[in-house]
Amino acid sequence: MVNAVDAVMGKIEPDQRKNGGSLRPPKGSRSFAILRVGKISGMGKVAAAAQHNLRERDTANARPEDRDRNIHLAGAKTTDELMKLWQERAPEKIRKNAVHALEYIVTASPEKMAAMGQTKSEDYLRDALTWLEAKHGAENILSAMIHNDETTPHLQVMLIPIDERGKLNARGLVGGKAQLSAMQTDFAERVGRKHGLDRGIERSNARHETIKSFYGRAEAVENLSFDLPERATGRLGVFGRETAAEHHERLSQTYTENLKTVTVGFGEELDEKTRQLENKAYEMDDLRLQLADTKLKLEASEAEHGIERDRRYLLEFAHAVADYEGNDRQDHIARFQKNYLAKCAHLPEETRGIVDGMLEGMGAKGFWHIEQDRLAEERKVSDRAEAAEKAHVSHAIERLGAWEDRSPDEYDLADTAEGTREVLGLLREATTDAQYERFRNGDIQAISHITDKPLFAAQLLGIVEYDNFAKGYETSSETKNLMSDARDLLRNHFPDDRERDYENER
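The following paragraphs examine the structure supplied in this document.

Rules behind the numbers
Counting restarts for each chain: residues are numbered from 1 in the order of the written sequence. In view of the model being predicted, local features appear only for residues whose pLDDT reaches at least 70, and side-chain atom pairs are presented and counted only at 80 or more, with totals across whole chains, interfaces and linings using the full set of residues. Hydrogen atoms and water are omitted, and side-chain values are computed over all heavy atoms in the structure. The helix count covers DSSP runs of H or I at least four residues long, the strand count covers runs of E at least two residues long, and both are numbered beginning at the N terminus. Burial status follows relative accessibility: with a 1.4 Å probe on protein chains alone, a residue under 20% of its type maximum counts as buried, one over 50% as exposed, and anything between as partly exposed. Residue contacts are defined here by distance: any two heavy atoms, one from each residue, within 4.5 Å place the two residues in contact. Each accessible area is a Shrake-Rupley result for a 1.4 Å probe, and residues are judged covered by the shown protein chains and nothing else. Two strands pair under a simple rule: DSSP has to find at least two bridges between them. Comment: axis = line fitted to C-alpha atoms, over the contacting stretch for helices; angle = value between 0 and 180 degrees taken between N-to-C directions. Lining residues are those with an atom within 4 Å of a point, where the points come from a 1 Å grid over the protein atoms alone and group into cavities, where a 1.4 Å probe fits but cannot get out, or pockets, open sets with protein on both sides within 12 Å along at least five of seven lines. Grid points are joined across faces, edges and corners, and a volume is the space filled by probe spheres set on the points. Ten residue types, Ala, Val, Leu, Ile, Met, Phe, Trp, Tyr, Cys and Pro, are classed as nonpolar, four, Asp, Glu, Lys and Arg, as charged, and the remainder, Gly among them, as polar. Expected span of a helix, by definition, is 1.5 Å for each gap between consecutive residues, and there is one gap fewer than residues. Salt bridge criterion: a side-chain nitrogen from Lys or Arg within 4 Å of a carboxyl oxygen from Asp or Glu.

### What to know about the overall build of the protein chain
Thinking step 1. Each helix and strand in the protein chain was counted, giving 16 helices and seven strands.
Thinking step 2. The proportion of buried residues among the 506 residues of the protein chain is 36%.
Thinking step 3. Restricting the contact set of the protein chain to residue pairs at least 6 apart, pairs at least 24 apart contribute 69%.
Thinking step 4. Within the structure as shown, the protein chain displays about 31,000 Å² of accessible surface, and the carbon and sulfur contribution to it stands at 50%.

Here's what the structure looks like:
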């Protein structure tokens, strides 16, 4: 009699017509430890991979809402930090075709990772990192991240392939097919077995294309059967019979598992395609920079050739003029001098020294003497301007002296609009912008070169305070306190201003 369990669950029969013509377990019951390694050449590609792994750019197959569930295990947390770590570990000399980094992806069959749960799957991935650190050296790990924001949780590790001699040697570390196969076996025995995972079938027809598709390809659609189980009627139509709700639940689970198997790897492959495009963009940027650098070098080379050509021409011209004995010798010297002065600024200093000496031997001035004459004239102009400014300031201070003479007898120093404008104008002429700004904010020391009498300074400050108010100039509380102190000084000196009926408040 047919076993009731077999009737309900179905009996697995090896059928070489299914599963790609092999006896491999169907895709829903696999429990393989998966380890992939890829080589990265070029610093632009290293940076692109780091930005993907550290989630510094949008990742097509990752869920943004789960990004905070990713776990940083070791190494850099940003691309800049990763590049600095690489520079610190890299040797001085690097081959042109060197592999700059290795990138490992560690995971397991999707259905097994789902069954393990978060805690056990993280334990597995942490043990995988320990295995990688023992294999390559913890000091060579550039970054290690557990990605929980993608379809299947996985560990992504970037490292610099430094051998025992301190050189970049990816070939020596990961080797060819035989060495990679041995690495897969060692990983499965030391890490996978501990977590209930098997090694992938050796020498199988399965094709590990690259790290970009560590599990599943589009061919899964062709091999996967979407035949859904029929409802179990049970033995004699009674024993083991499935209810409608039980059958519906089993249909839902089967359909979900089939969909998971089909879609596994699609997101990873799409993300890898995106990364490849970005790598191409980095390569194009590098190429553009190289072209720009080459162009600059060519332009610099052409400029150097032009300078050398001018240098030789001028030296030959100078010798020809020096040897010329004709009646128009002075005209020749003048023309040469004019030609030389138009070009000498771009010539080497040594060449200018030679030509200057030859011109002086002909009784003419060279570049150095003419430059000194120009600087001397500029100094004269500057000195005259400075003297004029000083005279202007002195004249303004002298005119303010007349107002200072009236200070002890006048509470309101300038009691007319015309007088106020004159005092303000003289203050501006007698001070720099910085000095006036300080004074209008209550700093009496700013006009110490004008007066040393506090009473006159306080009266001037009162005029400036009124001007501030009239122009809407905002002042700080500190400035207001200084202005108040100046007014108190005036009140103390003029206790009773009868002309204005002012009486000091005590």
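Anyway, onward from the coordinates.
### With respect to the sheet that holds strand 4 (residues 141–147)
Thinking step 1. Across the sheet, which stays open at both edges, the five strands sit in the order 1-3-5-4-2 with antiparallel pairing between neighbours. Both outer strands of the open sheet, strand 1 (33–40) and strand 2 (71–75), are each paired with one neighbouring strand and no more. Ignoring which end each strand starts from, the neighbouring axes of this sheet average 15° apart.
Thinking step 2. Pairing geometry for strand 1 and strand 3 (residues 101–108), over eight bridges, is antiparallel.

### Let's talk about the layout of surface pockets
Using a probe with the size of a water molecule, rolled over the atoms, empty space left in the structure can be pinpointed.
Thinking step 1. Space inside the second largest pocket adds up to approximately 360 Å³.
Thinking step 2. Along the walls of the second largest pocket sit 16 residues, with Tyr411, Asp412, Gly462, Ile463 and Tyr466 positioned nearest its centre.
Thinking step 3. For the lining of the second largest pocket, the leading source of residues is helix 15 (residues 454–471), giving five residues.
Thinking step 4. For the lining of the second largest pocket, the class distribution of residues is eight nonpolar, four polar and four charged.

### Re the pairing of strand 3
Successive side chains on a regular strand alternate, one facing one side of the sheet and the next facing the other.
Thinking step 1. Burial runs high along strand 3: eight of the eight residues are buried.
Thinking step 2. Residues Ala101, Glu103, Ile105 and Thr107 point to one face of strand 3 and Leu102, Tyr104, Val106 and Ala108 to the other, with burial holding for every one of them.
Thinking step 3. Relative to strand 5 (residues 154–159), strand 3 runs antiparallel, the two being bridged by five bridges. Paired with Glu103 across the bridge in strand 5 is Met158.

### Quick word on helix 15
Thinking step 1. If you check helix 15, its first and last C-alpha atoms are 25 Å apart, about what 18 residues at 1.5 Å a residue would give, namely 26 Å.
Thinking step 2. Looking at helix 15, one finds that the buried residues are Leu455, Phe456, Ala457, Ala458, Gln459, Leu460, Leu461, Ile463, Val464, Asp467 and Asn468.
Thinking step 3. Here the buried face of helix 15 lies against helix 12 (367–406), helix 13 (417–430), helix 14 (433–440) and helix 16 (477–493).
Thinking step 4. With its phi angle positive at about 70°, Gly472 sits one or two positions after the end of helix 15.

### Some remarks on the pattern of salt bridges
Thinking step 1. Under the definition given, this model contains 20 salt bridges.
Thinking step 2. Arg55 is paired through a salt bridge with Glu150; the nearest N and O atoms lie 2.6 Å apart. With Arg55 in the loop between helix 2 (43–53) and strand 2 and Glu150 in the loop between strand 4 and strand 5, this residue pair connects regions lying 95 residues apart in the sequence. With respect to class, Arg55 is no different from Glu150; both count as buried.
Thinking step 3. Residue Glu437 pairs with Arg440 through a salt bridge whose shortest N-O separation is 4.0 Å. You can see Glu437 and its partner Arg440 sitting in helix 14, three residues apart, about one turn around the helix.

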